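One letter stands for each residue in the lines below.
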Amino acid sequence: MAGFDWAQFRALFGAIRKGEERADNGMGKSGGTGGASRIVSLVFSFGMIAAMLLACGLKLGQMGASVLTAFELSVVTLVAISLTMGFYTAVSSLFFSGDIAFYLALPVGGTTIVWAKLANYMAGMMAADLAVLPLSLGVLAGRGEGPLTWVVVVLAFLLCCVAVNVALVLVALPIVRFSKIVADKDRFARVFGLVSTVFALAIVLVTTMGAYDGADGIDAAAAASMVGGIASAPVARVAFCLLCPPLALGGLTFGAGSASLFGVLGMAALTACYVALLSVLSGRWYFDAVRGMAGGSATSSHG
């Protein structure tokens, strides 16, 4: 099976983006919410989240929270959001979209299709991911950190965004390929929607009850301490590092009292390993997974 081809990737990614734009325009003409209105709504929603996290970060930074704590809190929040929102979105984008049958008929490698789809998915998820970044930036501002630390934190967080989204696809790909859990899209949507809702409510309730201060509402420092304690538990730590490998090098990058670019290079290497693994697995399993979901009816020029 053909591997990754850069020219095919660019053409395919452009086609996917244009297809979504036409779908948005059509939705707007039919009386639904237009693409521009949806973008404004998303920007407002994520802007509110970003502002709230920025204020929380500022308070933590003024109270002396370390850069490592800020980074780990941001990554834990990112992973939680990705599990509740990103997994179903990844499965839908890669396996449920109506244009898959068309792309399967093209002489394009499975790796190229997966990365074009993944790039499109990540472009949509980046707004949600970046809404978490102000938590770290608020801590840096509260601590009065220098420009190098800001650059290292932003680079490290961007690598975490890539790693988490790639990890979600690494989890989804074998599930779709070797099980029937997602064979029924409607059932999967209902079940995963219920699980995601319960998971999100559990996070909110645990955080609120554990960090609630009757007079001042939720204590940001107590919430940060509680989340940090949960994330540092051995089992949870392994799970978080598997879903976001750069987190494992957080101590090396930020633990010495100053930000290290060498740590960021290590994070980039770990992310590259996940990217390479996904490239190999997608080339072997993606077509078979899509065919299996279609009951063997999907056709491909790759045989």
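Structure: above.
Model, not experiment: these values are computed from the prediction.

S.K.: Please provide a residue-by-residue account of the pattern of salt bridges, values included.
M.R.: Tallied over the entire structure, the rule returns 2 salt bridges. The salt bridge involving Arg237 is made with Glu72; its shortest N-O contact spans 3.1 Å. In this pair, Arg237 is assigned in helix H10 (residues 234-243) and Glu72 in helix H3 (residues 67-96), connecting sequence segments 165 residues apart. Its relative accessible area of 23% is what places Arg237 among the partly exposed residues. One salt bridge connects Glu145 with Arg143, and the closest N-O pair in it is separated by 2.7 Å. Its relative accessible area of 22% is what places Glu145 among the partly exposed residues. Relative accessible area serves as the criterion here: at 36%, Arg143 is assigned to the partly exposed category.

S.K.: Can you tell me about the packing of aromatic side chains, naming the residues and giving the values?
M.R.: Per the counting criterion, the structure on display carries 5 aromatic pairs. Ring plane angle 25° and centroid distance 5.3 Å describe the contact between Trp6 and Phe9, whose orientation is recorded as stacked. Here Phe9 and Trp6 lie together in helix H1 (residues 6-29), a separation of 3 residues that amounts to about one turn. Look at Phe9 and you get buried, because its relative accessible area is 12%. An angle of 10° between the planes, with centres 6.0 Å apart, marks the rings of Phe9 and Phe13 as stacked. One end of the pair is Phe9 and the other is Phe13, both in helix H1 and 4 residues apart, which spans about a single turn. In this structure Phe13 comes out as partly exposed when scored by relative accessible area, which is 24%. Joined through ring pairs, the aromatic side chains of Trp6, Phe9 and Phe13 make up one cluster.

S.K.: Pulling in residues and values, what's your account of the environment of Leu12?
M.R.: Positionally, Leu12 belongs in helix H1. Accessibility expressed as a relative area gives 6% for Leu12, which makes it buried. A C-alpha to C-alpha distance of 8.6 Å links Leu12 and Lys117, two positions 105 residues apart in sequence. Setting aside anything within four residues of it in sequence, one finds Leu12 in contact with Tyr103, Val108, Thr112, Ile113 and Ala116.

S.K.: If you had to explain a nonpolar patch on the surface to someone new, which residues and values would you point to?
M.R.: A surface patch of nonpolar side chains, about 480 Å² in accessible area, is lined by Leu130, Leu148, Val151, Leu155, Leu158 and Leu261. Counting residues per element, the nonpolar patch draws most heavily on helix H7 (residues 147-178), which supplies 4 residues.

Rules behind the numbers
- Residues numbered from 1 in each chain as written.
- Predicted model: local features only at pLDDT ≥ 70, side-chain atom pairs only at ≥ 80, totals over all residues.
- Heavy atoms only, no water.
- Salt bridge = Lys/Arg side-chain N within 4 Å of Asp/Glu carboxyl O.
- Helix = DSSP H or I, 4+ residues; strand = E, 2+ residues; numbered from the N terminus.
- Buried < 20%, exposed > 50% of the residue type's maximum accessible area, 1.4 Å probe, protein only.
- Phe/Tyr/Trp six-rings, centres within 6.5 Å; stacked < 30°, edge-to-face > 60°.
- Contact = heavy atoms within 4.5 Å.
- Patch = residues over 30% accessible without salt bridge, like charges linked within 9 Å, V, L, I, M, F, W, Y side chains within 5 Å.
- Areas by Shrake-Rupley, 256 points an atom, 1.4 Å probe, with all protein chains shown as cover.

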